[in-house]
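# Observations on chain architecture
As a plain string of letters, each chain reads:
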Amino acid sequence: MNCIKASSTSVGVLSLFLLSVGVSAAPPASDGDPNAVVVEINGARLTMADLERKQAKALFQARTAYYDAERRAIEELVDSYLLEQQARKEGVSVDELLDRHVNKTLPKDPTEEALKVYYEGVDTTEPYEAVREKIVTSLRQRRAAKAKAAYVASLRREMPIVLRLPPPRAPLSMQGARVRGPANARVTLLEYADFECPYCQQIEPIVEKLAKEYDGVLAFAFKDYPLPMHASAQKAAEASRCADAQGKFWEYHDLLFKNKQLDIAALKADARNLNLDGAAFDKCLDTGAMQGAVETDLSEAQALSLQGTPSFFVNGRAINGALSYEKMRTVIAEELSAVENQSAARVADSTGTGSGRSKPH
């Protein structure tokens, strides 16, 4: 879940626009050639390099949506391939394989008493007798889906699977970002957030857990995205920057998410609680000294067509959909593995071991 921006151009609208002018959300047909001409205007030729330089942020969400669809299709392809290979290994059809390892392992239907307890939690006005079979069918389907997923996961664990589809990366600027963690971090988790957004507040413990788990290799960066429907978000963002001017951004950031009190009096009280120079803080906040800096972050978020908060990027790669510890950890682990593989490849290349040849003298 996230706090949705009140009014903005959606990815769907952007995609329809791209299609209407004959531009695909898919990777360009030029195969990445920066000199490929994408449009001619009165004889002037604009290239892929021009498009990327001027419109990379506008295209990022559409390309991310395309990548997500490709990745889902690849995952389904992998599952089908593994099932077919295992069925061939056991000398049966895929249906027979699933019947042997999935369907026959399913538990018996719940007792009548258990079904009635389940019925009590169903939002329906129909009597139990009318929906009983629907409940049984639904439970069977859920159990079968979970059992199949578990079986396929066991097949995946038996062999290495390397996804070679590169994700799109947002053209992000770290200028103005507040960062904590190692300066040479292999992975950077960047969040665009709104101090008043309840989902930003709820995700904070997950971010803290990830920071501890990946201590030494993960840096956490923060940028402001105060949404217009949150009356206190803008001044809270400015207040955090006023605290940053006195070297205590992260302490103030943590306090805002903990206390959830964002009126002006509370913002100033938090500054005193952190032993900041109260007069300097008040002047910074009251005069709007940090308004421009906050609006710079806001403009970046809008240019990326971010639809709400929190919005996370891992080394420029967007984390889409429902946020959870497991999902965020998976993306961070994938990025860490990619960085380590790239480092190993560079070492192999520098020593000549990557090509099987000795390094020339």
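See above for the structure.
Cut-off values and rules
- Residues numbered from 1 in each chain as written.
- Predicted model: local features only at pLDDT ≥ 70, side-chain atom pairs only at ≥ 80, totals over all residues.
- Heavy atoms only, no water.
- Axes fitted to C-alpha atoms, helices over the stretch in contact; angles between N-to-C directions.
- Helix = DSSP H or I, 4+ residues; strand = E, 2+ residues; numbered from the N terminus.
- Parallel < 35°, antiparallel > 145°, perpendicular 65-115°, else oblique.
- Left-handed = near helix turned anticlockwise from the far one by under 90°.
- Contact = heavy atoms within 4.5 Å.
- Nonpolar A, V, L, I, M, F, W, Y, C, P; charged D, E, K, R; others polar.
- Core = buried A, V, L, I, M, F, W, Y, C linked by side-chain atoms within 4.5 Å.
- Buried < 20%, exposed > 50% of the residue type's maximum accessible area, 1.4 Å probe, protein only.
- Salt bridge = Lys/Arg side-chain N within 4 Å of Asp/Glu carboxyl O.
- Disulfide = S-S within 2.5 Å.

### A word on the packing of helix 7 (residues 233–244) against helix 10 (residues 278–286)
It is at 9 Å that the axes of helix 7 and helix 10 come closest, and there the two elements cross at 140 degrees. The angle between helix 7 and helix 10 places the two elements in the oblique class. Crossing angle aside, the handedness with which helix 7 passes helix 10 is right-handed. Of the residues in helix 10, those in contact with Lys 235, Glu 238, Ala 239, Cys 242 and Ala 243 of helix 7 are Phe 281, Cys 284 and Leu 285. A breakdown of the residues in the contact of helix 7 with helix 10 according to their chemical character gives 6 nonpolar, no polar and 2 charged.

### Re the nonpolar core
Counting residues in each nonpolar core, the largest one holds 57 residues, and the members touching the most others are Tyr 252, Phe 281, Phe 312 and Phe 313. With 6 residues, the single largest contributor to this core is helix 8 (residues 249–259). Every residue in contact with Tyr 252, bar those within four places of it in the chain, is listed here: Ala 239, Ser 240, Ala 243, Leu 267, Asp 270, Ala 271, Leu 274 and Phe 281.

### Examining the pattern of salt bridges
Side-chain pairing between opposite charges can occur once the charged atoms of the two side chains come close. Overall, the coordinates contain 25 salt bridges when judged by the stated rule. With a closest N to O distance of 3.8 Å, Arg 71 and Glu 75 form a salt bridge. Remark: Glu 75 and Arg 71 occur in helix 2 (residues 48–90); sequence separation between them is 4 residues, near one turn of the helix. Judged by its relative accessible area of 18%, Arg 71 falls in the buried class. Taking the relative accessible area as the measure of exposure, Glu 75 reaches 27% and is therefore partly exposed. In the salt-bridge network here, residues are joined through shared partners; they are Arg 71, Glu 75, Asp 79, Arg 156, Arg 169, Arg 317, Glu 334 and Glu 335.

### Focus on the state of the cysteines
The tally for this structure, following the rule as stated, stands at 2 disulfides. Here Cys 3 pairs with Cys 197 through a disulfide, and the sulfurs are 2.1 Å apart. Looking down the S-S bond of the Cys 3 and Cys 197 bridge, the torsion is 100 degrees, so its handedness is right-handed. Note that Cys 3 is positioned in strand 1 (residues 3–4) and Cys 197 in the loop between strand 5 (187–193) and helix 6 (198–213), a separation of 194 residues in sequence. This pair shows no difference in class: Cys 3 is buried, exactly as Cys 197 is. What pairs with Cys 242 in a disulfide is Cys 284, and their sulfur atoms sit 2.1 Å apart. Between Cys 242 and Cys 284, the disulfide has an S-S torsion of -85 degrees and is therefore left-handed. In this pair, Cys 242 sits in helix 7 while Cys 284 sits in helix 10, placing the two residues 42 residues apart along the sequence. Given a relative accessible area of 13%, Cys 284 falls into the buried group. Here Cys 200 is not cross-linked by a disulfide; its sulfur's nearest cysteine counterpart is in Cys 197, at 3.5 Å.

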